[in-house]
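Residues per chain are reported as follows:
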Amino acid sequence: MKRALAMLVALGLTGCGAANRLQPAKGENLPVAPRGATATPTPQQLLTATPQQRPQRSDELMTQSQDRRSDEFDLPPR
């Protein structure tokens, strides 16, 4: 019984992920254009992440070990 109920709930939740085009609610407008912009961005442009919001990961590995240079501010405690 519990398994059938779980399957029914899971089946009901699969319909929640419908991928329809996003539109503003009826009677509502898109947000105003940002200061300095020439046009109001579309919903797709608002949902697209910029490189600053999602930076690329750097996986550069060290190929050679290098000695650290001396740190003149690394002083012993007084």
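Residues numbered from 1 in each chain as written. Predicted model: local features only at pLDDT ≥ 70, side-chain atom pairs only at ≥ 80, totals over all residues. Heavy atoms only, no water.

Draft legend 1. Spatial organisation of the overall build of the chain. Looking only at helices and strands, the chain features two helices and zero strands. At 27 Å, the chain has a C-alpha radius of gyration far larger than the 12 Å of a compact globule built from 78 residues. When its C-alpha atoms are laid out on the principal axes, the chain stretches across 65 × 55 × 35 Å. Counting over 78 residues, the chain shows a buried share of 1%. (Helix = DSSP H or I, 4+ residues; strand = E, 2+ residues; numbered from the N terminus. Rg over C-alpha atoms; globule rule 2.2 N^0.38 Å. Buried < 20%, exposed > 50% of the residue type's maximum accessible area, 1.4 Å probe, protein only.)

Draft legend 2. Expanded view of the environment of Pro 43. Within the fold, Pro 43 resides in helix H2 (residues 43–47). A residue is classified by how much of its surface remains accessible, and Pro 43, at 26% relative accessible area, is partly exposed. If we ignore the near neighbours within four places in the chain, the residues touching Pro 43 are Leu 22 and Leu 30. (Contact = heavy atoms within 4.5 Å.)

Draft legend 3. Structural detail: a nonpolar patch on the surface. Side chains of Leu 5, Leu 8 and Val 9 sit close together on the surface and give an oily, nonpolar patch of about 300 Å² of accessible area. When you line up the elements, Leu 8 lands in helix H1 (residues 2–14). (Patch = residues over 30% accessible without salt bridge, like charges linked within 9 Å, V, L, I, M, F, W, Y side chains within 5 Å. Areas by Shrake-Rupley, 256 points an atom, 1.4 Å probe, with all protein chains shown as cover. Salt bridge = Lys/Arg side-chain N within 4 Å of Asp/Glu carboxyl O.)

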